[in-house]
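The lines below spell out each chain.
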Amino acid sequence: MRYFRKKIESMLGYIPGEQMPGVRVVKLNTNENPYPPSPTVTAMLRNIDSECLRRYPDPFSGRVRRAVSRVFGVPEDWVIVGNGSDEILSILLRACCEPRRAAAYAMPTYVLYRTLAEIQGARYIEVPYDEDYRLPVEGLIAARGALTIVCSPNSPSGTPVFHEDLERLSASVAGLLVVDEAYVDFAEENALELVESNKNIIILRTLSKGYSLAGLRLGFGIAQPPIIENLMKIKDSYNVDALSCLIGAAAIEDQTYKEETAERVKASRKNLSATLENLGFRVWPSQANFVLTRPPMGDAERIYLALKAKGILVRYFKQPRLEDKLRITVGTEEENSTLIQALTRLTAVG
Ligand SMILES: Cc1ncc(COP(=O)(O)O)c(C=O)c1O
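Please read these numbers as outputs of a predicted model, since none were measured by experiment. (Residues numbered from 1 in each chain as written. Predicted model: local features only at pLDDT ≥ 70, side-chain atom pairs only at ≥ 80, totals over all residues.)

Caption draft 1: Structural view of unusual backbone geometry. Here the amide bond leading from M107 into P108 is cis, since omega sits at -5°, within 30 degrees of zero. Along the chain, P108 falls in the loop between β3 (103–107) and α5 (112–120). Cis peptide bonds are those with omega within 30 degrees of zero, and the linkage from S152 to P153 qualifies with -10°. Unlike most non-glycine residues, R144 shows phi in positive territory, near 50°. Here R144 is to be found in the loop between α6 (137–143) and β5 (147–151). Not every positive phi belongs to a glycine, and R321 is a case in point at roughly 75°. Relative to the elements of secondary structure, R321 occurs in the loop between β11 (312–314) and β12 (326–329). (Helix = DSSP H or I, 4+ residues; strand = E, 2+ residues; numbered from the N terminus.)

This is how it looks when you write it as structure tokens:
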């Protein structure tokens, strides 16, 4: 007898970006924030009493829900907290999809959507983005997914999705509409206000990017209570540990710090995009903390490998539509100029 379901044996599995713990690299491959977490978080970490670990944590992460409620002006029962927003995506796929209930999303996007559908044994429908990454709204409606996922700003393109497109989708899809806002802290718009007027929308946020807490593993979803109640049935009983709950709530409360660092990232994104364009790279207009870019000769894999050999990590996806492009996280000004110096040499003609 097989140990595993056929689907599991045949699937590739999600391949995360290289992490290289302990090795000093210029790390521009997994969209972490280049600045440290809020000083409130650092202060809190110094004063943690280990007694808070003796008992199980709050199964509903009440502290985080209250912080989200205060900061974003939604009732607590509109919030679900997860071990990263990845966990909430996983819960959504398990809750909504099966072989005859498909997940639909535009491609290229966050590869995990497909991985989660595969794990679930669900059908997935991938609708192509055009070259400019305008959301293929009609294609997504025609896909008739039980779950439609929109990533805004999208990864790896950094392009945002307009409210009018989300409203049209929400009104036209039969199932749930997930707006994955992992990078929204660096964007000009967000879909929070749509949750109030659309009973089938859930937005997902993470502390991994805007709050500089990728190592903490904390994310949350906001939707109307009937959605939250059903998702709660699926999550692990104690899905968020006591420390993450404590620290995450403090980070969410410090919006001023998050906004300050986001402004710095946005300013660096502008410089980095302009410099890349001067070097002859095509750059897609990004509202995230990374840029998608095509080197002048389209030799993205060669450049990725050459940068890696110099201790500079960027993201290369060997998949259709992306083989000639790189996704580069916006780093500190110093990291960005190290990258630019290397790219200048690597793309010099002759
Ligand atoms: C589009 C998108 N959604 C969700 C996530 C997951 O974030 P988290 O760290 O909260 O699991 C990522 C992480 O890279 C992402 O790129």
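Caption draft 2: Inspection of the packing of helix α11 (residues 255–278) against helix α13 (residues 333–346) at higher detail. Where α11 contacts α13, the two axes come as close as 11 Å, and the packing angle between them is 10°. The angle between α11 and α13 falls in the class roughly parallel. Only E333, N336 and I340 of α13 make contact with α11, whose side of the interface consists of S268, N271, L272 and T275. Each residue belonging to the contact of α11 with α13 can be placed in one class, and the counts come to 2 nonpolar, 4 polar and 1 charged. (Axes fitted to C-alpha atoms, helices over the stretch in contact; angles between N-to-C directions. Parallel < 35°, antiparallel > 145°, perpendicular 65-115°, else oblique. Contact = placed C-beta atoms within 7 Å. Nonpolar A, V, L, I, M, F, W, Y, C, P; charged D, E, K, R; others polar.)

Caption draft 3: Region of the structure containing the sheet that holds strand β4 (residues 124–128). With mixed pairing, 7 strands are arranged side by side in an open sheet as β2-β8-β7-β6-β5-β3-β4. Both edges of this open sheet fall to β2 (79–82) and β4, since each of them pairs with a single strand only. With strand direction ignored, the average angle separating the axes of adjacent strands in the sheet is 25°. Relative to strand β6 (residues 176–180), β5 runs parallel, the two being bridged by 5 bridges. By the bridge assignment, T148 is partnered in β6 with L177. The sheet contacts of helix α9 (residues 225–232) involve β2, β6 and β7 (201–206), and relative to β2 the element is tilted by about 30°. (Pairing = 2+ DSSP bridges.)

Function-wise, these values are silent; they only describe arrangement.
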